[in-house]
Amino acid sequence: MSHQKPYKVQPSASHYINGAYVEDTAGTLIESRYAATNEVIAKVYGATPNIIEHAVKAAQNAQKEWAARPGIERGRILLRAAELLRQRNDEIARIETLDTGKAMQETLYVDAVSAADNFEYFGHIAATLTGEHIPLGESFALTKHEPVGICAGIGAWNYPIQVASWKAAPALACGNAFIFKPSEVTPLSALVLAEILTEAGLPDGLFNVVQGLGDVGASLTAHPEIDKISLTGSVPTGARVMAGAAESLKLVTLELGGKSPLIIFDDADLENAVSGALLGNFYSTGQVCSNGTRVFVQSGIKEAFTKRLLERTAKIKLGDPLDEETQMGPMVSAKQRDIALSYIEKGKAEGAELIFGGNAVTMQGLENGHFIEPTIFANVKDHMSIAREEIFGPVLSILDFDEEKDVIARANDCEFGLAAGVFTRDIARAHRVIGELQAGTCWINNYNITPVGVPFGGVKRSGMGRENAKAAIEHYSQIKSIYVEMGDVDAPY
Ligand code: NDP
């Protein structure tokens, strides 16, 4: 049975600083568990103040020389890192599956792949970071992009190496040094990324990993020598990070939670709309920030949509995430599974109609895994908890609508604004509706695809700033304006 396989993926030490593994066992013990068996697969220690200082000093020592290099040289190293990520894809996929419980069917094709795409994209961008020439008659001005300095990233547990890469690749391309704190739940793959960057030729001290709980994140946020903080996490943590960064007036990027609307109009292609709803709710066992968990379905297509949704959901293969046939693994932790189950209970109690799933599952041979059925509620009303709060689990809510105007207002009646999707064959309507929706990232006739060339991020309480694409450069560099006088100084004194 697969659960008898040795799962140990113990790194040689907890932290990676200045190009080498570093240990300090005085820090808080953190156990990483495999979600399918609840076995401890690795132990690391949270960073002590000494470790944090070591990382900050290493970053300081390395950053200026890195920033002074031509962009093409920085980019060449990032491109090499992209290649190495692809070479080590299967090993990283296994680590991500063991650390998160996500199915190998996903981690083999998404996690290191997305990380590699980021390093490739920003590797190319690095050589193109030029400023402007602004003619001012006889005189002129120039602008240039300068690095921010030392940037820190704090990650969530759902896409560990992807989150680290989405932050580190643009930061390094712009000439910054970077310190990353992974989620305590998933400490492992950021260390592999650090090894890869060293092997790719990144000078020591430019990409450092420090482990830890929220207190380590808070220390990085408050650190006076760190110039920028980028968090992927929940809204309450985002608010704490923003408040913590205020003291030192750090730049902040926040990629937070969501409760995104997915609107299916009567004229939508039925199979594509069902595919979008499945991808936008059950991928990564529903643990995706941009998920379209409020599925608004127009009355004319509701019956057919619900029927196909149920048929296709019934075929989802839940099970051992290391088995490549498995389509859905367990939730990342017992805590996260229990949160999802508590929302399912609330949905039932508040009068939503449970039409699929709704239960924890005991898998044979993986009895201690945190499995849960893909779950669908129908007749969900806007005021219900499952329609208002982020669940971060495989729970899809169907809400009915008739009128376009009405669905737009209801979709926007939400504190979050991360993402939104529309399925319709009427392209004018698609753009009209998307134009009205309060969301940072939108899809027409697809859902949850995030190519590196497209900016990603939220509005309202889903955060600020953008990751990916050229937009990320704005968040990891600052513009210096240089006025050049070609004539005499006109002083009235
Ligand atoms: P949390 O907000 O609980 O944690 C995020 C990170 O912040 C963790 O590394 C955590 O450390 C750290 N942290 C906790 N407290 C503090 C603090 N006071 N100061 C600084 N850092 C702190 O989120 P989860 O890890 O549970 O991730 C799930 C959330 O992330 C969901 O809300 C989801 O929507 C959001 N998310 C957003 C994405 C986006 O791009 N918009 C993508 C993925 C997830 P520790 O783990 O040790 O507690």
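Below, the structure is looked at part by part. (Residues numbered from 1 in each chain as written. Predicted model: local features only at pLDDT ≥ 70, side-chain atom pairs only at ≥ 80, totals over all residues. Heavy atoms only, no water.)

Section: the site of the ligand
Okay, step 1: As a matter of local geometry, the ligand sits amid 29 residues, with Gly-155, Ser-234, Thr-237, Leu-256 and Glu-390 nearest to it.
Okay, step 2: Here a nitrogen atom of the ligand sits 3.4 Å away from a polar atom, N or O, in the main chain of Glu-255.
Okay, step 3: Here the ligand, which alone exposes 900 Å², has 86% of that area covered by the protein.
Okay, step 4: Contributions of two or more residues to the shell around the ligand are made by α8 (214-222), β10 (228-232) and α9 (235-246).
Okay, step 5: Class assignment of the residues belonging to the shell around the ligand gives a composition of 13 nonpolar, 11 polar and five charged. (Near = heavy atom within 4 Å. Polar contact = N/O pair within 3.5 Å; in protein donor to acceptor, adjacent residues only side chain to side chain. Areas by Shrake-Rupley, 256 points an atom, 1.4 Å probe, with all protein chains shown as cover. Helix = DSSP H or I, 4+ residues; strand = E, 2+ residues; numbered from the N terminus. Nonpolar A, V, L, I, M, F, W, Y, C, P; charged D, E, K, R; others polar.)

Let's talk about the sheet that holds strand β14 (residues 353-356)
Okay, step 1: Pairing is mixed across the open sheet formed by seven strands, whose spatial order is β14-β17-β18-β13-β12-β20-β21. Whereas interior strands pair on both sides, the edge strands pair on one side only; in this sheet they are β14 and β21 (441-444). The sheet shows a mean angle of 20° between the axes of neighbouring strands, taken without regard to direction.
Okay, step 2: Alignment of strand β20 (residues 419-423) against β21, held across four bridges, turns out to be parallel. Note on β21: the bridge partner recorded for Ala-420 is Cys-442.
Okay, step 3: In the packing of helix α10 (residues 270-282) onto the sheet, the strands contacted are β12 (261-264), β13 (294-298), β17 (375-378), β18 (395-401) and β20, and the crossing angle to β18 comes to about 135°. (Pairing = 2+ DSSP bridges. Axes fitted to C-alpha atoms, helices over the stretch in contact; angles between N-to-C directions. Contact = heavy atoms within 4.5 Å.)

Focus on the packing of aromatic side chains
Okay, step 1: For the structure shown, the criterion picks out nine aromatic pairs.
Okay, step 2: Between Trp-157 and Phe-392 the ring centres are 5.3 Å apart and the planes differ by 80°, which places this aromatic pair in the edge-to-face class. Linking Trp-157 in the loop between β7 (150-154) and α6 (160-173) with Phe-392 in the loop between α13 (385-388) and β18, this pair joins segments that are 235 residues apart in sequence. By the burial criterion, Trp-157 is buried, and Phe-392 matches it.
Okay, step 3: A ring pair is formed by Phe-178 and Phe-207, whose centres lie 6.1 Å apart and whose planes are at 0°; its orientation type is stacked. With Phe-178 in strand β8 (residues 177-181) and Phe-207 in strand β9 (residues 207-209), the pair connects residues that are 29 residues apart, well separated along the chain.
Okay, step 4: Residue classification places Phe-178 among the buried positions, given a relative accessible area of 0%.
Okay, step 5: Among the residues examined, Phe-207 registers a relative accessible area of 3% and is labelled buried.
Okay, step 6: Chaining the aromatic ring pairs together yields one cluster made of Phe-178, Phe-180 and Phe-207. (Phe/Tyr/Trp six-rings, centres within 6.5 Å; stacked < 30°, edge-to-face > 60°. Buried < 20%, exposed > 50% of the residue type's maximum accessible area, 1.4 Å probe, protein only.)

Quick notes on the pattern of salt bridges
Okay, step 1: In this structure the tally under the stated criterion is 26 salt bridges.
Okay, step 2: A salt bridge links Glu-195 to Arg-88, with the shortest nitrogen-to-oxygen separation between them at 3.1 Å. Taken together, the positions of Glu-195 in helix α7 (residues 189-199) and Arg-88 in the loop between α2 (71-87) and α3 (89-100) put the pair 107 residues apart, joining distant regions of the chain.
Okay, step 3: Residue Glu-195 is classed as partly exposed on the basis of its relative accessible area of 27%.
Okay, step 4: Here Asp-338 makes a salt bridge to Arg-337, at a shortest N to O gap of 3.2 Å.
Okay, step 5: Look at Asp-338 and you get partly exposed, because its relative accessible area is 40%.
Okay, step 6: Given a relative accessible area of 17%, Arg-337 falls into the buried group.
Okay, step 7: Overlapping salt bridges, with partners in common, bring together Glu-271, Lys-307, Arg-308, Glu-311 and Arg-312 in one network. (Salt bridge = Lys/Arg side-chain N within 4 Å of Asp/Glu carboxyl O.)

A look at the pairing of strand β3 (residues 29-33)
Okay, step 1: Here β3 shows one buried face, formed by Ile-30 and Ser-32, and one open face, formed by Leu-29, Glu-31 and Arg-33.
Okay, step 2: Where β3 meets strand β4 (residues 40-45), five bridges bridge the pair, whose relative direction is antiparallel. Residue pairing across strands places Glu-31 opposite Lys-43, the latter belonging to β4.
Okay, step 3: Hairpin connection of β3 to β4: six residues between the antiparallel strands, including Asn-38 at a positive phi of 65°.

Some points on the packing of helix α14 (residues 404-412) against helix α15 (residues 427-436)
Okay, step 1: Following both chains from N to C, one finds α14 and α15 inclined at 35°, their axes separated by 10 Å at the closest point. Classified by chirality, the crossing of α15 by α14 is right-handed. When α14 is examined against α15, the residues Glu-404, Ile-408 and Asn-412 are found in contact with a partner set consisting of Arg-429, Arg-432, Val-433 and Glu-436.
Okay, step 2: Broken down by class, the residue content of the contact of α14 with α15 amounts to two nonpolar, one polar and four charged. (Left-handed = near helix turned anticlockwise from the far one by under 90°.)

Focus: a negative patch on the surface
Okay, step 1: A cluster of acidic residues, Glu-138, Glu-485, Asp-488 and Asp-490, forms a negative patch at the surface.
Okay, step 2: Within the secondary structure, Asp-488 sits in the segment after β24 (477-484). (Patch = residues over 30% accessible without salt bridge, like charges linked within 9 Å, V, L, I, M, F, W, Y side chains within 5 Å. Lys, Arg positive; Asp, Glu negative; His and termini not counted. Charge placed at Lys NZ, Arg CZ, Asp CG, Glu CD.)

Here we look at the pairing of strand β16 (residues 366-372)
It is a general feature of regular strands that their side chains alternate between the two faces of the sheet.
Okay, step 1: Among the seven residues of β16, five are classified as buried, and the element is accordingly described as predominantly covered.
Okay, step 2: Sheet topology places strand β15 (residues 360-363) next to β16; three bridges connect them, and they run antiparallel. Residue pairing across strands places Met-363 opposite Leu-366, the latter belonging to β16.
Okay, step 3: Hairpin connection of β15 to β16: two residues between the antiparallel strands, including Gly-365 at a positive phi of 85°.

Overview of α2
Okay, step 1: Taking 1.5 Å of rise per residue, the 17 residues of α2 would be expected to cover 24 Å, and the 24 Å separating its terminal C-alpha atoms lies within 8% of that figure.
Okay, step 2: For α2, every residue scored as buried is listed here: Gly-71, Arg-74, Gly-75, Ile-77, Leu-78, Ala-81, Ala-82, Leu-84 and Leu-85.
Okay, step 3: Looking at the buried residues of α2, the elements they touch are α1 (49-68), α3, α5 (111-125), α6 and α7. (Expected span 1.5 Å × (residues − 1).)

So, the sheet that holds strand β5 (residues 133-136)
Okay, step 1: With antiparallel pairing, three strands are arranged side by side in an open sheet as β5-β6-β24. Every other strand in the sheet has two partners, leaving β5 and β24 as the edge strands with one partner each. With direction set aside, neighbouring strand axes in the sheet form an average angle of 20°.
Okay, step 2: With four bridges connecting them, β5 and strand β6 (residues 139-147) associate as antiparallel partners.

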